[in-house]
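Tertiary structure, described
The residues making up each chain are set out below.
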Amino acid sequence: MKYVCDVCGWEYDEEKGYPEGGIAPGTKWEDIPEDFECPLCFVGKDQFSEA
């Protein structure tokens, strides 16, 4: 599953994770901490939509 930032379009792909931010490949969106912020525009998880 992929999730896209509604503000800037950055994409989180569960399969790839976000190793640069300490999120391992295969990490489900619901398992990412609630205080996660978009690495490009810094909005919260509530500003992401399923792709």
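Quick notes on the rules
Residues numbered from 1 in each chain as written. Predicted model: local features only at pLDDT ≥ 70, side-chain atom pairs only at ≥ 80, totals over all residues. Heavy atoms only, no water. UniProt positions renumbered as here; feature names shortened; annotations may be inferred. Helix = DSSP H or I, 4+ residues; strand = E, 2+ residues; numbered from the N terminus. Buried < 20%, exposed > 50% of the residue type's maximum accessible area, 1.4 Å probe, protein only. Contact = heavy atoms within 4.5 Å. Areas by Shrake-Rupley, 256 points an atom, 1.4 Å probe, with all protein chains shown as cover. Lys, Arg positive; Asp, Glu negative; His and termini not counted. Charge placed at Lys NZ, Arg CZ, Asp CG, Glu CD. Phe/Tyr/Trp six-rings, centres within 6.5 Å; stacked < 30°, edge-to-face > 60°. Lys NZ or Arg CZ within 6 Å of the ring centre and 35° of its normal.

The chain carries the name Rubredoxin in an unreviewed UniProt entry, which gives Eubacterium ramulus as its organism. According to its UniProt record, the chain has this under Sequence similarities (unreviewed entry): "Belongs to the rubredoxin family." According to its UniProt record, the chain has this under Cofactor (unreviewed entry): "Fe(3+)".

**Some details on the overall build of the chain**
A count of helical and extended segments in the chain gives zero helices and three strands. Secondary structure elements in the chain, listed N-terminal to C-terminal, are β-β-β. Across its three principal directions, the C-alpha atoms of the chain cover 25 × 20 × 15 Å. The buried share of the chain, taken over its 51 residues, is 33%. Put simply, 39% of the contacts in the chain that link residues at least 6 apart link residues at least 24 apart. Carbon and sulfur atoms form 48% of the exposed surface of the chain, whose accessible area is close to 3300 Å². On the chain, the mean spot of the 4 positive side-chain charges and the mean spot of the 13 negative ones are 7 Å from each other.

**Observations concerning the packing of aromatic side chains**
Evaluation of the coordinates by the stated rule reveals eight aromatic pairs. Arranged with centres 5.9 Å apart and planes meeting at 80 degrees, the rings of tryptophan 29 and phenylalanine 36 form a pair that is edge-to-face. The two residues tryptophan 29 and phenylalanine 36 agree in class, both being buried. For the ring pair tryptophan 29 and phenylalanine 48, a centre distance of 4.9 Å and an interplane angle of 45 degrees mean the geometry is tilted. With a gap of 19 residues between them, tryptophan 29 in the loop between strand E2 (11-13) and strand E3 (48-50) and phenylalanine 48 in strand E3 connect regions that are remote in the sequence. Cluster of aromatic residues (ring-pair linked, three or more members): Tyr3, Trp10, Tyr12, Tyr18, Trp29, Phe36 and Phe48. Sitting above the plane of the tryptophan 29 ring, lysine 45 keeps its charged end 5.1 Å from the centroid.

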